[in-house]
Amino acid sequence: MAMELAQVIAAAKQGDKQAYYQLYQQYIGRVYAICWRLLANKQLAEDASQEIFVKVWQQLPAFRGDSSFATWLHSVATRTAIDHWRQQKYLRLTDSNDQQLAEPEQPVGQTAQTVACSGEMAVLEQAILRLPAQARAVFVLFALEGYQHQEIAGLLNIAEGSSKAQYHRARQLLQEWLADE
């Protein structure tokens, strides 16, 4: 018999690894989806997801329950995925051999179950992954994760106007690509 979420969280806060694993199983799909959409790379998304759950394990005793666990986890996941995105952006800018990014690979296996959709959603997911890195990050954060441009600007260290411009660019590209489908 499965424990209630509050009981699972309380047990995990006390160091119960089985309870923590239950939280992991319940939320890995959502966390991976955030990472996959921002990073557009299976290995990077898996690495970021793993790091997120390590952070959650370390920070869980400090979780006070002022917000829902899902909201708190989403915040940790988004910020960690953005940290990975920034690192990749920096590496792309400094690596002279990286003239053009490869097409994002299709995630495989159970880990990608939230990304693997059918029909039009799969086409949209693939189109989002084709977006340039900054336009994709802004689009994902604004359109899919519900952040406002002012928040996105702070998270990505860009101007609010740049966030709006990148979102507009992303929408234009998606409309063009989806019209061709």
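Computed from a predicted structure; not experimentally measured.

(A) Summary view of the pattern of salt bridges. A complete count under the given rule lists six salt bridges for this structure. Two residues, Arg86 and Asp83, come together in a salt bridge whose shortest N-O distance is 3.2 Å. Of this pair, Arg86 and Asp83 both sit in helix H4 (residues 69-94), three residues apart, which is roughly one turn of that helix. The exposure class assigned to Arg86 is partly exposed, which follows from its relative accessible area of 28%. Its relative accessible area of 37% is what places Asp83 among the partly exposed residues.

(B) Up close: the packing of aromatic side chains. Under the criterion given, the structure shown has nine aromatic pairs. Ring geometry for Tyr20 and Trp57: centres 4.8 Å apart, planes at 70°, overall edge-to-face. Highlighted residues: Tyr20 in helix H2 (residues 17-39) and Trp57 in helix H3 (residues 42-59), separated in sequence by 37 residues. For Trp57, a relative accessible area of 32% puts it in the partly exposed group. Here Tyr24 and Phe53 contribute two aromatic rings whose centre-to-centre distance is 4.8 Å and whose plane-to-plane angle is 70°, an arrangement assigned as edge-to-face. On the criterion of sequence distance, the pair formed by Tyr24 in helix H2 and Phe53 in helix H3 is long-range, its members being 29 residues apart. Phe53 gets classed as buried once you look at its relative accessible area, which sits at 7%. When the ring centre of Trp177 is taken as origin, the NZ or CZ atom of Arg130, which lies over that ring, is 4.0 Å away.

(C) Region of interest: unusual backbone geometry. One non-glycine residue, Ala40, lies in the positive phi region at around 55°. Topologically, Ala40 is positioned in the loop between H2 and H3. Owing to a relative accessible area of 10%, Ala40 belongs among the buried residues under this scheme. Of note in this structure, Asn157 is not a glycine but carries a positive phi near 60°. Looking at Asn157, the relative accessible area reads 61%, which means it is exposed.

The rules behind each value
- Residues numbered from 1 in each chain as written.
- Predicted model: local features only at pLDDT ≥ 70, side-chain atom pairs only at ≥ 80, totals over all residues.
- Heavy atoms only, no water.
- Salt bridge = Lys/Arg side-chain N within 4 Å of Asp/Glu carboxyl O.
- Helix = DSSP H or I, 4+ residues; strand = E, 2+ residues; numbered from the N terminus.
- Buried < 20%, exposed > 50% of the residue type's maximum accessible area, 1.4 Å probe, protein only.
- Phe/Tyr/Trp six-rings, centres within 6.5 Å; stacked < 30°, edge-to-face > 60°.
- Lys NZ or Arg CZ within 6 Å of the ring centre and 35° of its normal.

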